[in-house]
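Okay, here's what each chain looks like letter by letter:
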Amino acid sequence: LEFLYQQSGITARESYDESNITAYSERVIWAAIMSTSEKNKAIVSQFFTALNAGDVDAIANTYADDGYVETMGSTLISGRFTKDQIVAVTGDIFEVFPNGLKFTVEDMIAEGERVAVEAHSEGEHISGKTYRNEYHFLFEFRDGKLIKLKEYMDTEQVTDVLCGGQRPPFEA
């Protein structure tokens, strides 16, 4: 329990009622979980700030060395990408939005090491088309670093604007 006391910030252990140690322990555990959840939500907020600023280094530094993003769907940009791959292409993504791509977080909830986000984005693509998309992101952390990011979005918007209408070959 010593670790949980430290994580929860509760220092007055003498104030608990030994006859009701289960309830007290649950409170200590809950405080530790809340702390982790709040810390991870703050990291996610910083991640979106970095996205909106086009700060590739800050985005990359959010990830653990073994972290990855998985973009769901069947588009030319769908798939699982390692931290090294993310670093290699993130700058290119910002170049196709000369005036930036603005993400707005609509809702965020967290439990322990996982944070779920509903968001939308808008920006003018170099093709002259306006790109607007709706997202659900699921972030998973370990020791304050992003180990998995799953991105769900309107794949038709991706295909029409980002991929110029091109689709990957159909695989049966």
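Located above this text is the structure these notes cover.
Residues numbered from 1 in each chain as written. Predicted model: local features only at pLDDT ≥ 70, side-chain atom pairs only at ≥ 80, totals over all residues. Heavy atoms only, no water.

S.K.: Help me understand the pairing of strand E5 (residues 130-142), please; the structure alone is not making it clear to me.
M.R.: Along a regular strand, successive side chains alternate from one face of the sheet to the other. Where strand E4 (residues 114-124) meets E5, eleven bridges bridge the pair, whose relative direction is antiparallel. Across the sheet, Gly-123 pairs through a bridge with Tyr-131, a residue of E5. Hairpin connection from E4 to E5: five residues lie between these consecutive antiparallel strands, with Gly-128 at a positive phi of about 95°. Counted along the chain from E5 to the antiparallel partner strand E6 (residues 145-153), the turn is two residues long, and its residue Asp-143 has a positive phi close to 55°. (Pairing = 2+ DSSP bridges. Helix = DSSP H or I, 4+ residues; strand = E, 2+ residues; numbered from the N terminus.)

S.K.: I keep staring at the pairing of strand E3 (residues 101-111) and nothing clicks. Help me out?
M.R.: In this sheet, E4 lies alongside E3 in antiparallel orientation, the contact comprising ten bridges. Pairing of Thr-104 across the sheet is with His-120, part of E4. The hairpin formed by E3 and E4 contains two residues between the paired strands, and Gly-112 there has a positive phi angle of roughly 60°.

S.K.: Would you mind going over the side chain of Lys-83 with me for this structure?
M.R.: Looking at the element boundaries, Lys-83 is found in helix H4 (residues 83-95). Every residue in contact with Lys-83, bar those within four places of it in the chain, is listed here: Ala-60, Tyr-63, Ala-64, Asp-65 and Gly-67. (Contact = heavy atoms within 4.5 Å.)

S.K.: Mind showing me how you'd approach the packing of aromatic side chains here?
M.R.: A ring pair, where both rings are aromatic, is described by two values, the distance of the centres and the angle of the planes. Scanning the model with the defined rule gives twelve aromatic pairs in all. Between Phe-48 and Phe-137, the aromatic rings sit 5.4 Å apart at their centres with planes inclined by 70°, giving edge-to-face as the arrangement. Here Phe-48, found in helix H2 (residues 21-53), pairs with Phe-137, found in strand E5; they are 89 residues apart in sequence, far enough to count as distant. The exposure classification of Phe-48 matches that of Phe-137, with both residues buried. Geometrically, the ring pair formed by Phe-48 and Phe-139 is edge-to-face, given 6.0 Å between the ring centres and 70° between the ring planes. Within this pair, whereas Phe-48 is found in helix H2, its partner Phe-139 is found in strand E5, the two being separated by 91 residues in sequence. The pair Phe-48 / Phe-139 is uniform in exposure class, with both members buried. If you follow Arg-80 out to its NZ or CZ, it ends over the ring of Tyr-68, 4.0 Å from the centre. (Phe/Tyr/Trp six-rings, centres within 6.5 Å; stacked < 30°, edge-to-face > 60°. Buried < 20%, exposed > 50% of the residue type's maximum accessible area, 1.4 Å probe, protein only. Lys NZ or Arg CZ within 6 Å of the ring centre and 35° of its normal.)

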